[in-house]
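Structural description and commentary
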Amino acid sequence: MPELPEVEALALDLRGRLADRAIVRVDLVAFSALKTYDPPLSALEGTLVEDVTRHGKFLDVTASGLHLVLHLARAGWVRWREEVPSLPPRPSAKSPLAARVVLDGGAGLDVTEAGTKKSLALYVVRRPNDVEGIARLGPDPLSEAFTPDVLSGILAEAGRAQLKGVLRHQGTIAGIGNAYSDELLHAARLSPFKPAGSLSEEELATLYAAIRTVLGEAVERSRGLAAAELKGEKKSHLAVHGRTGLPCPVCGDTVREVSFADSSLQYCPTCQTGGKPLADRRMSRLLK
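So, a few notes on the structure that sits alongside this text. Please read all numbers here as calculations on a predicted model, not as lab measurements. (Residues numbered from 1 in each chain as written. Predicted model: local features only at pLDDT ≥ 70, side-chain atom pairs only at ≥ 80, totals over all residues. Heavy atoms only, no water.)

**Digging into the state of the cysteines**
Cysteine pairs can be linked by a disulfide, which is a covalent bond between their two sulfur atoms. Inclusion rule: Cysteine sulfur atoms that come within 2.5 Å of each other are treated as a disulfide pair. Three labels apply to residues, based on accessible area from a 1.4 Å probe with only protein chains included: buried if under 20% of the type maximum, exposed if over 50%, partly exposed otherwise in between.
Inspection of every chain in the model, using the stated rule, returns zero disulfides. Note on Cys248: no disulfide assigned, nearest cysteine sulfur contributed by Cys271 at a separation of 3.8 Å. Residue Cys271 stays outside any disulfide, its sulfur separated by 3.7 Å from that of Cys268, the closest cysteine. Under the relative-accessibility criterion, Cys271 is labelled buried at 5%.

**Details of the pairing of strand E4 (residues 66-71)**
Counted only if it meets this: Numbering of helices and strands runs from the N terminus; a helix is a DSSP stretch of H or I covering at least four residues, while a strand is a stretch of E covering at least two. Here, a strand pair is defined by DSSP locating no fewer than two bridges between the strands.
With six of six residues buried, E4 is to be regarded as a mostly interior element. Of the strand pairs in this sheet, strand E3 (residues 58-63) and E4 are connected by six bridges, and their pairing is antiparallel. By the bridge assignment, Ala63 is partnered in E4 with Leu66. Hairpin connection of E3 to E4: two residues between the antiparallel strands, including Ser64 at a positive phi of 50°.

**Side note on the packing of aromatic side chains**
Counted only if it meets this: In summary, the pairing rule links any two rings of Phe, Tyr or Trp, Trp by its six-membered ring, whose centres are within 6.5 Å, and it sorts them by plane angle into stacked for under 30 degrees, edge-to-face for over 60 and tilted for everything else.
What the rule picks out here adds up to two aromatic pairs. An angle of 55° between the planes, with centres 6.5 Å apart, marks the rings of Phe58 and Tyr123 as tilted. On the criterion of sequence distance, the pair formed by Phe58 in strand E3 and Tyr123 in strand E8 (residues 121-125) is long-range, its members being 65 residues apart. For the residue pair Phe58 and Tyr123, the accessibility class agrees, reading buried in each case. When the centroid spacing of 5.9 Å and the interplanar angle of 20° are considered together, the rings of Phe146 and Tyr208 count as stacked. Of this pair, Phe146 sits in the loop between helix H2 (132-135) and helix H3 (148-158) while Tyr208 sits in helix H6 (residues 201-222); the two residues are 62 residues apart in sequence, bridging distant segments of the chain. For the pair formed by Phe146 and Tyr208, the shared burial category is buried.

**Quick word on the sheet that holds strand E5 (residues 76-81)**
Quick note on the threshold: Axis definition: a line fitted to C-alpha atoms, limited for helices to the stretch in contact. Angles are taken between N-to-C directions and run from 0 to 180 degrees. Note on contacts: a residue pair is in contact if any heavy atoms of the two residues lie within 4.5 Å.
Here four strands make up an open sheet; going across it, the order is E1-E6-E7-E5 and the pairing antiparallel. Sheet topology places strand E1 (23-28) and E5 at the edges, where each strand pairs with a single neighbour. Shown here is a sheet whose adjacent strand axes are inclined to one another by a mean of 15°, direction ignored. The sheet contact formed by strand E6 (residues 97-103) and strand E7 (residues 108-113) spans five bridges and is antiparallel. Bridge pairing in E7 places Arg100 opposite Asp110. Sitting on the sheet, helix H1 (residues 4-18) touches E5, E6 and E7, and the angle it makes with E5 is about 25°.

Okay, structure coming up:
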């Protein structure tokens, strides 16, 4: 799933490619992906791209005062094409193509979503906050407004909610997903099941530093990379996420996994849980 660093880099890459180019049309292939009807998709025809920005994990293409907003969900992506076919694509259950943005000069963007579970969302709005998911976002963890006191208040309000879930909740902190919540907790040497409101001052300071450092470094590594390179860059720098059974790069212990119905988490027992493996979440008590 694209998270804050990848969406930030994607916005930067697309800003350089799309700025001052006209949108000829937007071909909708997966009709369920479009979540708005006013303004209509056709309102983007003939508009001029002014900027490409990010709100949490939402990608925002501003064109002549309108906003084409994308949420790539778990398996969505945007692919730049120097030349797109002249004829609009036909809907097909076998194709991952969800939408195509056709630009002047014949270039364009393919918005794709792999797999059978379709969650990608596309919006055409007059203001970003017209998208409910953007309006409800918590603070951006790389913004100046995200201070240690802000994080302390978030965790205190969360009480006994599990730390990993709090970090992932977009209404609490914007942009952190399953992968980077694993990475942040590993860097901070904290259990994913630790109650959010139980952190000591030292643990709070360590977690705040991990958030700023891990995400900040990921953004910097991704700057200047083309969209096609971003997934590989992310995977090559993960310490625990997606590395079940491999050695922890810090201590050498084996990275373990806890599975859920539709996701999983990875962690290092030595670094994060005092050497104790976590049982399956459905059968375990919260471990500090």
